[in-house]
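# Working through the structure, step by step
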Amino acid sequence: MTVFDSNFDVKTLGKVAVLMGGDSAEREVSLMSGSGVLQALRSSGVDAHAFDPVQNALGDLKRDGYARCFIALHGRHGEDGTVQGALELLGIPYTGPGVMASAIAMDKVMTKRVWLAEGLPTPRYVWLAPDRQQREVVRTVPDELGLPLIVKPPREGSSIGVTKVRGYSDMQEAVALSARYDPDVLCEEFIDGEEVTCPVLGQGAGAVVLPVIRIAAPDGAYDYQNKYFTDDVKYQCPSGLPEAEEREIQRIVLAAYRTLGCRGWGRADLMIRASDRKPFLLEMNTSPGMTGHSLVPMSARAAGISYEELCLRILADAALDTTPRTAQGAAHP
């Protein structure tokens, strides 16, 4: 990775809103991410301010003269294309992927459909729409996917509402838990092996992958509590994987990122199957965590990029899907 230009003038970034909090199930994590980003940007001399969409109308961003937004929101209404669409209408550039890529990546079922269409590896799955969650349907899922299997809400993150189902008798409760967070339920083949994650920065042909991180959680429970509030999870970065294996994971992640049309930054989560070392894509995070336990900063640090520099890089890449136009149809200078 090249070092960020030390002569870069942060004043050209203008007044910056760090969007954090929001109304999703990941609000608490978002507030932690946003606080870290805000502090980092301010320490670099950026005119950055906290902005919680729960407490402020998004229209205030235009009224108060914000030039760009760093999206540190996670989950619904922050990572799913909705706030991105609002910022498009306001004409305020923002970090991360645009409306379509954000909406697709937020929905794990849609993401799988796109990846499978492009020949990218992802675990087999069964999608249970609200009208397919009757007891007689649910009990047949293990026949198709085998046991154990994973049940989760397709449009949540941070392992919220996720259950590892070990027997037929656990299916109903797992589906009911998932349905509390999302009307649709995703049942997924369990890949027995190692969990890894890999971030990406940039866009299109210029996008670059960062080092792979290997994750070792106690008893394999990489859940909400272990992700953010304990120090029990062990992370390896450098991953310690064979060089060819790491390169293959990075190749797949870059293809997955580009296929979804992502830009700015993102982080893919994968499993490496123990039996044959084949990697499987689980999901693409388009507004990854930036807390003290978060993985993109850890990987960036291994590539020689500090947390402050990472935040500046991401912010400098803020963009819109479309070029803002005046009422007369001419592009803004």
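Not measured: the values here are computed from a predicted model. In this convention, every chain numbers its residues from 1, walking through the sequence in written order. Where local features are concerned, this predicted model is filtered to residues with pLDDT of at least 70; where side-chain atom pairs are given and counted, the filter is 80 or more; whole-chain, interface and lining totals use all residues. Note: side-chain values were computed over all heavy atoms of the structure, leaving out hydrogens and water.

### Re the overall build of the chain
As a reminder, the rule being used: A run of H or I in DSSP counts as a helix once it spans at least four residues, and a run of E counts as a strand once it spans at least two, with each numbered from the N terminus. Throughout, radius of gyration means the C-alpha value; the globule benchmark is 2.2 Å times the number of residues raised to the power 0.38. The classification of residues rests on relative accessible area computed with a 1.4 Å probe and restricted to protein chains. Under 20% of the type maximum is buried, over 50% is exposed, and intermediate values are partly exposed. Throughout, a residue-residue contact means that at least one pair of heavy atoms, one from each residue, lies within 4.5 Å. What sets the accessible areas is the Shrake-Rupley method with a 1.4 Å probe; for residues, cover comes only from the shown protein chains. Positive charges are assigned to Lys and Arg, negative charges to Asp and Glu, while His and the chain termini are left out of the count. By convention, charge coordinates are those of NZ in Lys, CZ in Arg, CG in Asp, or CD in Glu.
Counting secondary structure elements, the chain contains twelve helices and 13 strands. Relative to the 2.2 N^0.38 estimate, which gives 20 Å for 333 residues, the radius of gyration of the chain is 20 Å and therefore close to what a compact globule would have. The principal-axis extents of the C-alpha atoms in the chain amount to approximately 60 × 45 × 35 Å. Counting the 333 residues in the chain, one finds 53% classified as buried. Considering only contacts within the chain whose residues lie at least 6 apart along the sequence, 67% involve residues at least 24 apart. Taken as a whole, the chain presents about 14,500 Å² of accessible surface, with 51% of it coming from carbon and sulfur. With 34 positive and 43 negative side-chain charges, the chain shows a spacing of 2 Å between the two charge centroids.

### A look at the sheet that holds strand β3 (residues 68–71)
Note the cut-off: Here, a strand pair is defined by DSSP locating no fewer than two bridges between the strands. Note on geometry: axes are lines fitted to C-alpha atoms, helical ones only across the stretch in contact, with angles between N-to-C directions running from 0 to 180 degrees.
With parallel pairing, three strands are arranged side by side in an open sheet as β2-β1-β3. The open sheet has two edge strands, β2 (47–51) and β3, and neither has a second partner. Averaged over all neighbouring strand pairs, the angle between strand axes comes to 30°, with direction disregarded. Of the strand pairs in this sheet, strand β1 (residues 15–19) and β3 are connected by four bridges, and their pairing is parallel. Each residue of the ladder has a partner; that of A17, found in β3, is C69.

### Section: the side chain of R267
To keep it simple, the criterion reads: Nitrogen and oxygen atoms within 3.5 Å of one another constitute a polar contact, given that in protein one can donate a hydrogen and the other can accept it, and given that sequence-neighbouring residues count only through two side-chain atoms.
Locating R267 in the fold gives a position in strand β12 (residues 265–273). Of the polar contacts made by the side chain of R267, one reaches the side chain of T197; its length is 2.8 Å. A polar side-chain atom of R267 sits 3.1 Å from a polar atom in the side chain of D269. With residues near it in sequence (within four places) discarded, R267 still touches T197, C198, P199, E283, M284, N285, P288, G289, L295 and V296.

### Notes on unusual backbone geometry
Look at the link from L147 to P148: it is a cis peptide, with omega at -5°. Relative to the helices and strands, P148 is located in the loop between α7 (141–145) and β5 (149–152). Going from C237 to P238, the amide bond is cis rather than trans, its omega being 10°. Counting through the fold element by element, P238 comes out in the loop between β11 (234–236) and α10 (243–259). Although it is not a glycine, H77 sits at a positive phi angle of roughly 65°. Among the secondary structure elements, H77 is positioned in the loop between β3 and α3 (82–90). Its identity is not glycine, yet R277 carries a phi of approximately 60°, on the positive side. Residue placement: R277 occurs in the loop between β12 and β13 (279–285). Residue classification places R277 among the partly exposed positions, given a relative accessible area of 30%.

### Comments concerning the environment of I160
Among the structural elements, I160 can be located in the loop between β5 and β6 (163–165). Spatially, the C-alpha atom of I160 lies 24 Å from that of V18, the residues being 142 residues apart in sequence.

### Some remarks on the sheet that holds β5
Sheet strands line up and pair through hydrogen bonds in the backbone, either parallel or antiparallel. Here four strands make up an open sheet; going across it, the order is β4-β7-β5-β6 and the pairing antiparallel. Two strands in the sheet have a free side with no partner beyond their single neighbour: β4 (125–128) and β6. Each strand of the sheet is rotated relative to its neighbour by a mean of 20°, with strand direction disregarded. In this sheet, strand β7 (residues 185–189) lies alongside β5 in antiparallel orientation, the contact comprising four bridges. Among the inter-strand pairings, K152 is bridged to a residue of β7, identified as L186. Set on the sheet, helix α8 (residues 171–179) makes contact with β4, β5, β6 and β7; between it and β5 the angle comes to about 30°.

### Notes on the packing of helix α1 (residues 27–43) against helix α12 (residues 307–316)
The criterion, for reference: For this classification, under 35 degrees means roughly parallel, over 145 means roughly antiparallel, 65 to 115 means roughly perpendicular, and everything else is oblique. Note that Gly is not counted as nonpolar here; it falls among the polar residues with everything else outside the nonpolar set of Ala, Val, Leu, Ile, Met, Phe, Trp, Tyr, Cys and Pro and the charged set of Asp, Glu, Lys and Arg.
It is at 9 Å that the axes of α1 and α12 come closest, and there the two elements cross at 95°. In terms of orientation, α1 and α12 fall into the roughly perpendicular class. Contact with α1, carried on its side by S33, G36, V37, A40, L41 and S43, involves Y307, E308, C311, L312 and L315 of α12 and no other residues of that element. Residues of the contact of α1 with α12, tallied by class, amount to seven nonpolar, three polar and one charged.

### Details of the pairing of strand β10 (residues 213–216)
Bridging between strand β8 (residues 193–201) and β10 involves three bridges; their strand directions are antiparallel. Pairing of V196 across the sheet is with R214, part of β10. Where β10 and β11 come together, three bridges link them in antiparallel fashion. Following the sheet pairing, R214 is matched in β11 by Q236.

### Things to note about the packing of aromatic side chains
What counts is decided by this rule: Think of it this way: a Phe, Tyr or Trp ring, Trp meaning its six-membered ring, pairs with another when their centres are within 6.5 Å, and the plane angle makes it stacked under 30 degrees, edge-to-face over 60, tilted otherwise. Two conditions define a charge located above a ring, namely a distance within 6 Å from the ring centre to NZ of Lys or CZ of Arg, and an angle within 35 degrees of the ring normal.
Scanning all chains against the criterion turns up two aromatic pairs. For the pair F51 and Y66, a centre-to-centre distance of 6.4 Å together with 80° between the ring planes defines the contact as edge-to-face. Note that F51 is positioned in strand β2 and Y66 in the loop between α2 (59–63) and β3, a separation of 15 residues in sequence. Y66 carries the same exposure label as F51, and that label is buried. A centroid spacing of 6.1 Å and a plane angle of 65° characterise the contact between F70 and W265, whose relative ring orientation is edge-to-face. Here the residue F70 occupies a position in strand β3, and W265 occupies one in strand β12, the gap between them amounting to 195 residues. Since its relative accessible area comes to 1%, W265 is described here as buried. Positioned above the aromatic ring of Y66, the side-chain terminus of K15 is 4.5 Å from the ring centre. The residue whose ring lies beneath R113 is W127, and the NZ or CZ to ring-centre distance is 4.9 Å.

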